[in-house]
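Listed below are the residues making up each chain.
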Protein chains: 2
Amino acid sequence: MAQKPSIPKGTRDFTPEQVAKRNYIFNTIQSQFELYGFQPIETPSFENSDTLMGKYGEEGDRLIFKILNSGDYLNKVDDTLYASKDSNATTPKISEKALRYDLTVPFARYVVQHQNEIEFPFKRYQMQPVWRADRPQKGRFREFYQCDADVVGSTSLWQEVEFVQLYDAVFSALKLEGVTIKINNRKILSGIAEVIGASDKLIDFTVALDKLDKIGEEKVKEEMLGKGISMEGIEKLQPLFTLSGSFSSQVEQLKSILSTSEEGKKGIEELEFIDKAITQLGLQTATLQLDVTLARGLNYYTGAIFEVSAPETVQMGSIGGGGRYDDLTGIFGMKDVSGVGISFGLDRIYLVLEELNLFPETVSKNVDLLFINFGETEALFSLKAIKQLRLNHINAELYPDTAKMKKQMNHANKRNIPFVVLVGDEEMETDSYTLKNMISGEQDKVSLEVLISKFK
Amino acid sequence: MAQKPSIPKGTRDFTPEQVAKRNYIFNTIQSQFELYGFQPIETPSFENSDTLMGKYGEEGDRLIFKILNSGDYLNKVDDTLYASKDSNATTPKISEKALRYDLTVPFARYVVQHQNEIEFPFKRYQMQPVWRADRPQKGRFREFYQCDADVVGSTSLWQEVEFVQLYDAVFSALKLEGVTIKINNRKILSGIAEVIGASDKLIDFTVALDKLDKIGEEKVKEEMLGKGISMEGIEKLQPLFTLSGSFSSQVEQLKSILSTSEEGKKGIEELEFIDKAITQLGLQTATLQLDVTLARGLNYYTGAIFEVSAPETVQMGSIGGGGRYDDLTGIFGMKDVSGVGISFGLDRIYLVLEELNLFPETVSKNVDLLFINFGETEALFSLKAIKQLRLNHINAELYPDTAKMKKQMNHANKRNIPFVVLVGDEEMETDSYTLKNMISGEQDKVSLEVLISKFK
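Residues numbered from 1 in each chain as written. Chains lettered and ligands numbered in written order. Predicted model: local features only at pLDDT ≥ 70, side-chain atom pairs only at ≥ 80, totals over all residues. Heavy atoms only, no water.

(A) Representation of the interface of chain B and chain A within the structure. The interface is formed by 112 residues belonging to chain B together with 112 residues belonging to chain A. Summed over both sides, the interface of chain B with chain A buries roughly 9600 Å², with 56% coming from carbon and sulfur. In terms of surface lost to chain A, no three residues of chain B exceed Leu35(B), Lys85(B) and Trp158(B), which account for 8% of the buried area on that side. Where chain B touches chain A, the interface holds 10 salt bridges. At the surface where chain B touches chain A, the tally comes to 49 residue pairs in polar contact (both at pLDDT 80 or more). No other element matches the 8 residues that helix H16 (residues 376-391) of chain B contributes to the side of chain B that touches chain A. (Contact = heavy atoms within 4.5 Å. Buried area = accessible area lost by both parts, 1.4 Å probe. Salt bridge = Lys/Arg side-chain N within 4 Å of Asp/Glu carboxyl O. Polar contact = N/O pair within 3.5 Å; in protein donor to acceptor, adjacent residues only side chain to side chain. Helix = DSSP H or I, 4+ residues; strand = E, 2+ residues; numbered from the N terminus.)

Given below as structure tokens:
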């Protein structure tokens, strides 16, 4: 019996139109990455399991796709373990490789492995798929692309400035105006936790604060109380909930809250540096905004934290994020290499551009001209012209079969090919081509030179 | 203990230079695909196992990378099977997904699954990685890209003609002159087998004939004898071993061998059609050559068989191949859909271009200008200029740290950045930039306008 074909849940086929639109986004991001001096690298789709395992927490370990060893893999499981039928304990014995879960850990591995060939500071970008065994849902897939740009090997804050500019440059190039680049700093979050006497509860504190937008002030306070943060401490947070005004006036308010924390003051200093530079340099279409609730749930950020929101007219989560991490390569034995990077969420950017109708009309490189096939002699005559058109970078093709005229015209219509060319005895005798506009229906008899110059 | 980082055998990291060179090949192939009217699709990296298993023979099944199910996967193995500790029998119970082994089977699956949205004939291209658990060796990897173009839904021989042109167009665009496009036809092989009374031994016969180049006439005959092909039959083959002259004169010689085989004569007719069209149309830099020993070991070709050899000056196997298959989608229940397609071997093309020094010098999009960082004020002044340069599509960047001049200059040298820009008090006062050529050492003080016009 023939199989009814399908694909695994959480994965997607992409049609020609979708590929063209995705490539438009990729190419736009890539151009800006290169203008900013980032260089591309690529890493293998699967890594040795021990490169990935333990780097994303317990939940992450569970969501990593593992690849089964080849051959008689069960033979290598010892009898005691085998008797236990314990899946978790058996996995490392029957699987040595795993699919990439993100681009950051493979990048760290790359930097350590190639450290002697790399000239630091190293600015790299990487646009490759990653895989997660997550429960699929709207906008969440088991295979999706990440587009990352990172610099390693320098602690300079000019890099944070440059990443704000880069976000602005990419979204401006995509004509997606009005995005908000939210910025925070891990040191500010640490400073606040210190000030309210909750330094040992930094994670609980930031996880709760991160929910302010979604659940509101009261619920956030309840959650903090529940996690054992004192009422006195929470009261000290009050100014945070009502922080308002311009970037610099918010910074002033923060200064009063954080006056007793050295780390907090360092964080403010960093924010101010970035804000002042961006004010001087200007942004094209984006806005830089301070958001002290921003934590991104990621524990490895040590300095700046970024997140980008789509314009308010669109309901969409973040379309990008990133930050500074001071010891990324430490997990692979290379200490004190500071890095900072940002990521673009391709799938969400796609949805936003679709919703706002921002894809250029010419994004699909469609065929300009379909030559109708009237028979062998006509086809050969047509192919000679098609060869010249293609040499002039014009997308053209011959309908492969001598089918009924109507069928061939329908084919052109269904593929949205704007022009067809008719070649019969008369055209061959006079070395000319009847060009028909498929929308207006207009026809015109032209020479090959005119045909080329019209579409070039 | 920190782990010493490495990657799985048979996989590769790609450095910026390698990515740039690979992208140059991809982009060149893609441009020609699009000029010829092919449209891109993409399919998921992993498919349901039953989509792939059984499609590539027993050897293929073994080489497919299987993905371990998530969760307590052993729980779903029944006790009797579990007690047998039989890896082969267990695999389908603990693994439901597998990594793509080629692009052809996923394409067939795509066509069947999307048949109602597709307008036939459907010309698609696909450039994605595939994975095989093969023993890695020189030039053979466990992860590698395939670049395929296929047409399905028409039996027209004009498509074979177009694929010969497409091969020529791609290799000409890559400046790889002198490739040989070898062509054969499955019907000719069947016809010969028929004529020598070995129709039931077609595979054995073609496998042996395929080795003529490598092991010579005598050994090929021995192998055929060993496979049970009669001495009388093998004697009838004699003209094959000495086939020579132009394409058309070889065709004439074949005609005399195949005069009693209807299928063989059909094969000759097809070859002649293609040869005559190509003679009329002309090729830019490639040569079309008849090779009756060409079988490509693949059983699914039913008509034309293609293989491309690099210029003779380079020692390299085939750099491309393809052919016509009359029932690709039958495995998924869609009958009588003829297809024809070709593939480009990216890794080998890369090696050939490297060996012949054919990569353009500008293939890596390097930074044109590095601004030396003398301090905060200078850096900000520089970033204002850099912003304008980038808006004019000039790759420029600021050294992120206020490091010693020598260190910054070394950085420019190591990254082969051709120019640095020096901005000090004098430059800031006069709104100018000192541009230094890193090769000649020449220096010049210029305005931003001049800087832009020089690099635009």
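(B) How the structure looks around the sheet that holds strand E16 (residues 443-446) of chain A. Residues and elements named next belong to chain A. Pairing is mixed in the open sheet, where 5 strands are placed in the order E13-E12-E14-E15-E16. A strand with exactly one partner marks an edge of an open sheet, and here the two such strands are strand E13 (396-398) and E16. Direction aside, the axes of adjacent strands within the sheet are offset by 25° on average. Of the strand pairs in this sheet, strand E15 (residues 433-437) and E16 are connected by 4 bridges, and their pairing is antiparallel. Counterpart to leucine 435 in the pairing with E16 is aspartate 444. Sheet contacts for helix H17 (residues 405-414): strand E12 (369-371), strand E14 (419-422) and E15; angle to E12, the most-contacted strand, approximately 165°. (Pairing = 2+ DSSP bridges. Axes fitted to C-alpha atoms, helices over the stretch in contact; angles between N-to-C directions.)

(C) The arrangement of the relation of the copies chain B and chain A in detail. Once chain B is rotated about the relating axis by 180° and shifted along it by 0.0 Å, it coincides with chain A to within an RMSD of 0.0 Å. Overall, the copies show the geometry of a two-fold rotation axis. Ranked by how close their C-alpha atoms come to the rotation axis, the residues of chain B are headed by Ile67(B), at 2.2 Å. (Least-squares fit on C-alpha atoms with pLDDT ≥ 70 in both.)

(D) Representation of the environment of Lys236(A) within the structure. Residues and elements named next belong to chain A. With respect to the helices and strands, lysine 236 occurs in helix H11 (residues 231-236). Take lysine 236: its relative accessible area is 47%, and that puts it in the partly exposed class. Sequence spacing of lysine 236 and tryptophan 158 is 78 residues, and the spatial spacing of their C-alpha atoms is 33 Å. The residues touching lysine 236, leaving out its near neighbours within four places in the chain, are Val195 and Ile196. (Buried < 20%, exposed > 50% of the residue type's maximum accessible area, 1.4 Å probe, protein only.)

(E) Focus on helix H8 (residues 186-195) of chain B. All names here are of chain B. Along H8, 8 of the 10 residues are buried, which leaves the element largely enclosed by surrounding structure. Residues of H8 that are buried: Lys187, Ile188, Leu189, Ser190, Gly191, Ile192, Ala193 and Val195. The backbone nitrogen of lysine 187 has a side-chain oxygen 2.9 Å away, supplied by the residue at the start of H8, namely asparagine 185. Once H8 finishes, glycine 197 follows within two positions and takes phi at roughly 70°, a positive value.

(F) Structural detail: the sheet that holds strand E1 (residues 39-40) of chain A. Residues and elements named next belong to chain A. As summarised here, the arrangement of the 8 strands in space is E1-E5-E6-E11-E10-E9-E7-E8, forming an open sheet in which the pairing is mixed. The open sheet has two edge strands with one neighbour each: E1 and strand E8 (287-290). Sheet topology places strand E7 (residues 180-185) next to strand E9 (residues 304-309); 6 bridges connect them, and they run antiparallel. Its bridge partner being in E9, isoleucine 181 is matched across the sheet by valine 308. Strands strand E6 (143-152), strand E10 (318-325) and strand E11 (339-344) of the sheet are contacted by helix H15 (residues 346-355), whose axis makes an angle of about 145° with E10.

(G) Local environment of the side chain of Glu378(A). Residue and element names in this part refer to chain A. Its place among the elements puts glutamate 378 in helix H16 (residues 376-391). Buried and without a salt bridge, glutamate 378 has lysine 384 as its closest oppositely charged side chain, separated by 12 Å. Excluding residues within four positions of it along the chain, glutamate 378 makes contact with Val423, Gly424, Asp425 and Met428. (Lys, Arg positive; Asp, Glu negative; His and termini not counted.)

(H) Molecular detail of the side chain of Glu34(A). Assignment of secondary structure puts Glu34(A) in helix H1 (residues 16-35). We classify Glu34(A) as buried; its relative accessible area is 9%. Once you skip the residues sitting within four places of it in the chain, Glu34(A) turns out to touch Tyr125(A), Lys365(B) and Asn395(B).

(I) View of the pattern of salt bridges. Under the counting rule described, the total for this entry stands at 54 salt bridges over all chains. Between Lys445(A) and Glu426(A) there is a salt bridge, with the nearest N and O atoms lying 2.2 Å from each other. Residue Lys445(A) is located in strand E16, and its partner Glu426(A) is located in helix H18 (residues 425-430); the two are separated by 19 residues in the primary sequence. Put simply, Lys123(A), Glu162(A), Arg390(B), Glu397(B) and Arg415(B) are held in one network by salt bridges that share partners.

(J) Focus on the packing of aromatic side chains. If you walk through the whole model with that rule in mind, you get 37 aromatic pairs over all chains. With a centroid separation of 4.0 Å and 0° between ring planes, the pair formed by Tyr82(A) and Tyr82(B) is classed as stacked. Placement of the pair is Tyr82(A) in helix H4 (residues 79-84) and Tyr82(B) in helix H4 (residues 79-84), with the two residues belonging to separate chains. For the residue pair Tyr82(A) and Tyr82(B), the accessibility class agrees, reading buried in each case. Measuring from centroid to centroid gives 6.3 Å for Phe107(B) and Phe122(B), while their planes differ by 35°, and the two rings are tilted. One end of the pair, Phe107(B), is in helix H6 (residues 104-113); the other, Phe122(B), is in strand E5 (residues 122-131), and 15 residues separate them in sequence. For Phe107(B), a relative accessible area of 0% corresponds to the buried category. Ring pairing ties together the aromatic residues Phe33(A), Phe38(A), Tyr125(A), Phe163(A), Tyr167(A), Phe171(A) and Phe344(A), which thus form one cluster. The positively charged end of Arg12(A) is found above the aromatic ring belonging to Phe141(A), 3.4 Å away from the centroid. In this arrangement the basic side chain of Lys123(B) is found over the ring face of Phe38(B), its NZ or CZ atom lying 4.9 Å from the centre. (Phe/Tyr/Trp six-rings, centres within 6.5 Å; stacked < 30°, edge-to-face > 60°. Lys NZ or Arg CZ within 6 Å of the ring centre and 35° of its normal.)

(K) Local environment of the pairing of strand E7 (residues 180-185) of chain B. Burial within E7(B) is extensive, with 6 of its 6 residues counted as buried. Burial along E7(B) is two-sided: the face carrying Thr180(B), Lys182(B) and Asn184(B) and the face carrying Ile181(B), Ile183(B) and Asn185(B) are both buried.

(L) Expanded view of the packing of H16(A) against helix H7 (residues 158-173) of chain B. In contact at an axis separation of 12 Å, H16(A) and H7(B) are set at 25° when each is read in the N-to-C sense. As the angle between them shows, H16(A) and H7(B) are arranged roughly parallel. The two elements H16(A) and H7(B) meet at a crossing, and its hand is right-handed. For the pair H16(A) and H7(B), contact is made by Glu376(A), Ala379(A), Leu380(A), Leu383(A), Lys387(A) and Arg390(A) and by Trp158(B), Val161(B), Glu162(B) and Gln165(B), respectively. When its residues are assigned to classes, the contact of H16(A) with H7(B) shows 5 nonpolar, 1 polar and 4 charged. (Parallel < 35°, antiparallel > 145°, perpendicular 65-115°, else oblique. Left-handed = near helix turned anticlockwise from the far one by under 90°. Nonpolar A, V, L, I, M, F, W, Y, C, P; charged D, E, K, R; others polar.)

(M) Highlighting the packing of helix H7 (residues 158-173) of chain A against helix H14 (residues 262-281) of chain A. Residue and element names in this part refer to chain A. Contact pair H7 / H14: the axes reach a minimum separation of 9 Å and the direction vectors enclose 50°. By the angle between their axes, H7 is oblique relative to H14. The hand of the H7/H14 crossing is right-handed. Facing H7, whose interface residues are Trp158, Glu160, Val161, Val164 and Gln165, H14 presents Phe273, Ile274, Ala277, Ile278 and Leu281. In the contact of H7 with H14, the residues fall into 8 nonpolar, 1 polar and 1 charged.

(N) Highlighting the UniProt feature "binding site: L-histidine" (unreviewed entry) in chain A. Residue and element names in this part refer to chain A. The feature "binding site: L-histidine" (unreviewed entry), as given by UniProt, occupies Asp102, Leu103, Thr104, Arg132, Gln146, Asp150, Arg296, Tyr300 and Tyr301 in the numbering adopted here. Locating glutamine 146 in the fold gives a position in strand E6. Filtering out sequence-adjacent residues up to four positions away, glutamine 146 remains in contact with Asp102, Leu103, Gln126, Met127, Gln128, Val130 and Arg132. There is a polar contact of 3.2 Å between the side chain of glutamine 146 and the backbone nitrogen of leucine 103. If you trace the backbone, tyrosine 300 turns up in the loop between E8 and E9. Once residues within four sequence positions are removed from consideration, tyrosine 300 is found in contact with Thr104, Arg324 and Tyr325. (UniProt positions renumbered as here; feature names shortened; annotations may be inferred.)

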